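Observations on chain architecture
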Amino acid sequence: MSGLLGFNTFINPNLTRICNPNTRYPFPHRTSTNLCLNNHHHCIINATHLSSSSNKALIFRRFSSMATASPSPSTEESKPFSVLFVCLGNICRSPAAEAVFRNLVEKRGLASKFRIDSAGTIGYHEGDKADPRMRAASKNRGIEVTSISRPIKPSDFRDFDLILAMDLQNREDIMNAYEKWRFKEPLPPDAPNKVKLMCSYCKTHSEREVPDPYYGGAKGFEKVLDLLEDACESLLDSIVRSQNTSTSAST
Ligand code: 4NP
């Protein structure tokens, strides 16, 4: 399924932090380094990334091209599959997603096959450890959250095979950042297709988004982990399945 997703953006080129007029967070204004989005400018993007069948196609293409397009398939095949998890602040949901996914990958002995990272659509918490509530809830499940917050950057659209947004607003902010940055430096034209909603991988939960737990209580952090464990399991399954499919197709 593909379609057009319309949204309105105004991009102030002097600003690099992403904030949305609908976002409820009272961030202090750092006007020299903010990217503000509002309703003055109309922008349409292709939204082929919305369906889970396109998720499979994307992953398959990644491994297929590794097997067929390179003059040195063995080198390309050993290139890790790279996954970037993205939320707003990169201190709650995406660091937990990174940790849950890494934990699964390590348990299956696949660490060398993956590059795993996380980022935020804002740089407000840059350099910070993950929120202590998120670290504690994860630790209770045997998962260490160790990442340090950083904002998403243009090269992420080149460097990562898959970019997982925690909620719809994150996805819109990622797309808007891409739209802004692609005029300043070369970015892959198909990069928007790399952007997926985390919950599109959930098997046992019907939620569409991983809800922001920051202003809530302990239950919110547990819910985040429930969703992430569900999504990460089938995300990893689908990547591995696609890799195996493309490997056997190329031999
Ligand atoms: P995250 O959660 O996007 O899951 O990291 C948040 C972290 C910080 C804030 C909001 C959400 N904040 O308002 O600072």
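Residues numbered from 1 in each chain as written. Predicted model: local features only at pLDDT ≥ 70, side-chain atom pairs only at ≥ 80, totals over all residues.

As recorded by an unreviewed UniProt entry, the chain carries the name acid phosphatase and is attributed to Rhynchospora breviuscula. The UniProt entry for the chain carries the following comment under Sequence similarities (unreviewed entry): "Belongs to the low molecular weight phosphotyrosine protein phosphatase family." (UniProt positions renumbered as here; feature names shortened; annotations may be inferred.)

So, the site of the ligand
The immediate surroundings of the ligand are formed by 11 residues, with L88, G89, C92, R93 and Y214 found nearest. Its residues placed into classes, the shell around the ligand shows 7 nonpolar, 2 polar and 2 charged. (Near = placed C-beta within 6 Å. Nonpolar A, V, L, I, M, F, W, Y, C, P; charged D, E, K, R; others polar.)

Here's the deal with helix α3 (residues 93-107)
The terminal C-alpha atoms of α3 lie 21 Å apart, and with 15 residues this matches the ideal 21 Å at 1.5 Å per residue to within 8%. Of all 15 residues making up α3, 11 are buried, and the element is well covered by its neighbours. Buried within α3 are the following residues: R93, S94, P95, A96, A97, E98, A99, V100, F101, R102 and V105. (Helix = DSSP H or I, 4+ residues; strand = E, 2+ residues; numbered from the N terminus. Expected span 1.5 Å × (residues − 1). Buried ≥ 20, exposed ≤ 12 C-beta atoms within 10 Å, placed from the backbone.)

Observations concerning the nonpolar core
One finds V86, A96, M198 and L228 to be the most contacted residues of the largest nonpolar core, which totals 53 residues. Broken down by secondary-structure element, the contributors of at least two residues to this core are β5 (81-87), α3, β6 (114-120), α4 (132-140), β7 (162-165), α6 (168-181), β8 (195-197) and α7 (218-249). In terms of residue count, α7 provides more of this core than any other element does, 10 residues in total. Discounting residues that sit within four places of it in the chain, M198 has contacts with A97, L164, A165, M166, V210 and A231. (Core = buried A, V, L, I, M, F, W, Y, C linked by C-beta atoms within 7 Å. Contact = placed C-beta atoms within 7 Å.)

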